[in-house]
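Architecture at a glance
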Amino acid sequence: MEVPSLNYKQQEFTLASVTDLTSPDSSSLSSSSVVATFSCVNEVKELRFQESESSDGFTFHLSSTQLFKLGPLQFICVSDSSTSSAKERPFSRGVVIKFRDDKESKEFCDSFEKWTKDAVKQESTLPNGTVSANKSKFDDKIEAASAKMYFHYYGQLLHQQNMLQDYVRTGTYHAAVMENRSDFAGRVVVDVGAGSGILSLFAALAGAKHVYAVEASEMAEYARKLIAGNPLLAERITVIKGKIEDIELPEKADVLISEPMGTLLVNERMLETYVIARDRFLSPNGKMFPTVGRIHMAPFADEFLFVEMANKALFWQQQNYYGVDLTPLYVSAHQGYFSQPVVDAFDPRLLVAPSMSHVIDFTKMTEEQFYEIDIPLKFTASVCTRVHGLACWFDVLFDGSTVQRWFTTAPGAPTTHWYQIRCVLSQPIHVMAGQEITGRLHLVAHSAQSYTINLTLSAKMWGPRANQGGILQTSSCKLDLKEPYYRMSQPQVYPTQEPPAQQQDDFHIQSDDLDEVELLQHNANAQL
């Protein structure tokens, strides 16, 4: 794919002075003829500072140059790589620029923004399957150490096997594709984060014209082997090793398929990559499998779990541990344990109110909207109890043209490798049956490919004079979704009330799916 040849008109600006910060003596250019010139030389966009045509100057490649404001008329310009008239400099360079007035300063900044944007855009135009040498959008928002661990983890077959052996997950994907063959037959499909390539193979089985399996980890090599071992399908699948943010494809996709869900749906921030793939590669009116996700939430009561969490910190209450007093660290240890979300499967009868849900439409959600997710909470307690926190799970919809199929991680449904997640309060709140519980679940993305969870639950006044009162009690906690407590226990049987009914969904579900859900619930109740 060739980069289109564009005509760029040279622009010049007269400056008050320019000071080279990388020179030992901080040499400067200052006269009425100091000129900054934007130009395109051999399709490389440059910014050059020069006092006169015969003098040496400073030249920056705009694809790697940044401008920072020091004052109303003073800026600093820095670059990862720059050249001078004398020789190539492989290290960073910086100059301080001073303008004569505000008008010249603004005009220069506007031109700098335009030229640098065009320079980065031109250098990022790549042939199919190649990866940009420039720092990608993924690298800008994700710290390198986290990305390295992430791709190392998913580059191992044992972790892929763990996901493939989640038969609820894999079976639902297979059913969603095969039941909607009309969406895949003769279509171009992009598998976002292909892993072992299993979803690409499903798409090919459903008759896809061609599948682009995009995988950034070393698992791409295993995917090639697996696909090559299925020769009847392999000729219609291309494996591309690289990030969705970096690679280029020769054609638009009719269908995107991916398994981008993490714990609490959003963990690992793969959903952002999924919508980036939508914006970059999906044709208008194209299909997304999955299409919609929902985070479900409900308050729970679990005295056993609360005591277990609190007891973890008792080790730090020892006053004579080999002659050492450990108690100064008790409070910090206690806070640390309650900052961990609990990942396990639990009995749905632990829920003390009907659940509510937050819908995320993958066809409409922007990447930036994933950076911060704010969910107001409102429940009505169905029993008198102590509320120990908020339980969460998710489901996703495969909105096919033929069949709508849901995949759920709900308590009481067949257990998946996601389990459920619970945010435990260090200070439980007491509620009466019929009492209103309000609060807020606030998720803030961070560079370790996860989220900080801020949870607040409050119980309002209850009774004949409730309208005269406000909040009776409140409890808050801050948790790191990146560092959960993997309890991984199967649900225990608790002699409690029947689980409250969940809210009715607005989505239309096929009658076959309803029969299947009723059968699962019947089997689950029979086992209790």
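The protein has the name Probable histone-arginine methyltransferase 1.4 in an unreviewed UniProt entry, where Camelina sativa is given as its organism.

As for the overall build of the protein
On a plain count of helices and strands, the protein comes out with 13 helices and 27 strands. Scored against the burial criterion, the 528 residues of the protein give a buried share of 48%. At a minimum sequence separation of 6, the contacts of the protein that also span at least 24 residues come to 72%. Summing over all exposed atoms, the protein offers an accessible surface of approximately 25,700 Å²; the carbon and sulfur share of this is 52%.

What about helix α8 (residues 219–228)?
Regarding α8, the residues found buried are Met219, Ala220, Ala223 and Ile227. Down the axis of α8, the smallest arc covering the buried residues is 100°, so these residues share one side. In α8, the exposed residues that point more than 90 degrees away from the buried face are Lys225 and Ala228. Buried residues along α8 sit against α3 (144–154), α4 (157–164), α7 (198–205), β13 (210–215), α9 (231–234) and β14 (237–241).

Side note on the pattern of salt bridges
Considering all chains together, one arrives at 23 salt bridges under this definition. The partner of glutamate 107 in a salt bridge is lysine 103, with the nearest N and O atoms 2.7 Å apart. In this pair, glutamate 107 and lysine 103 both sit in helix α1 (residues 102–123), 4 residues apart, roughly one turn of the helix. Classification of glutamate 107 by relative accessible area gives partly exposed; the value is 35%. Aspartate 139 is the partner of lysine 243 in a salt bridge, and the nearest nitrogen-oxygen pair spans 4.0 Å. A residue pair is termed long-range when its members are at least 10 positions apart, and lysine 243 in the loop between β14 and β15 (253–258) and aspartate 139 in helix α2 (residues 137–141) qualify at 104 residues. Using a relative accessible area of 28% as the deciding quantity, one classes aspartate 139 as partly exposed. The network of salt bridges with common partners includes Asp302, Glu308, Asp344, Arg422 and Arg487.

Focus on the packing of aromatic side chains
Under the defined criterion, the tally for this structure stands at 22 aromatic pairs. A connected cluster of aromatic rings, assembled from ring pairs, spans Phe13, Phe38, Phe75, Phe99, Phe108, Phe112 and Trp115. Positioned over the ring face of tyrosine 485 is lysine 312, at 4.1 Å from the centre of the ring. If you follow arginine 422 out to its NZ or CZ, it ends over the ring of phenylalanine 300, 5.0 Å from the centre.

Side note on the environment of phenylalanine 306
Locating phenylalanine 306 in the fold gives a position in helix α11 (residues 303–312). Judged by relative accessible area, which is 13%, phenylalanine 306 ranks as buried.

A closer look at the sheet that holds β14
With parallel pairing, the 5 strands of this open sheet are ordered in space as β14-β13-β12-β15-β16. Whereas interior strands pair on both sides, the edge strands pair on one side only; in this sheet they are β14 and β16 (282–289). Across the sheet, the mean angle separating the axes of adjacent strands is 20° when strand polarity is ignored. Pairing of β13 with β14 involves 5 bridges; the strand directions are parallel. When the sheet's bridge partners are listed, valine 214 is paired in β14 with isoleucine 240.

Parameters at a glance
- Residues numbered from 1 in each chain as written.
- Predicted model: local features only at pLDDT ≥ 70, side-chain atom pairs only at ≥ 80, totals over all residues.
- Heavy atoms only, no water.
- Helix = DSSP H or I, 4+ residues; strand = E, 2+ residues; numbered from the N terminus.
- Buried < 20%, exposed > 50% of the residue type's maximum accessible area, 1.4 Å probe, protein only.
- Contact = heavy atoms within 4.5 Å.
- Areas by Shrake-Rupley, 256 points an atom, 1.4 Å probe, with all protein chains shown as cover.
- Arc of directions from axis to C-beta.
- Salt bridge = Lys/Arg side-chain N within 4 Å of Asp/Glu carboxyl O.
- Phe/Tyr/Trp six-rings, centres within 6.5 Å; stacked < 30°, edge-to-face > 60°.
- Lys NZ or Arg CZ within 6 Å of the ring centre and 35° of its normal.
- Pairing = 2+ DSSP bridges.
- Axes fitted to C-alpha atoms, helices over the stretch in contact; angles between N-to-C directions.

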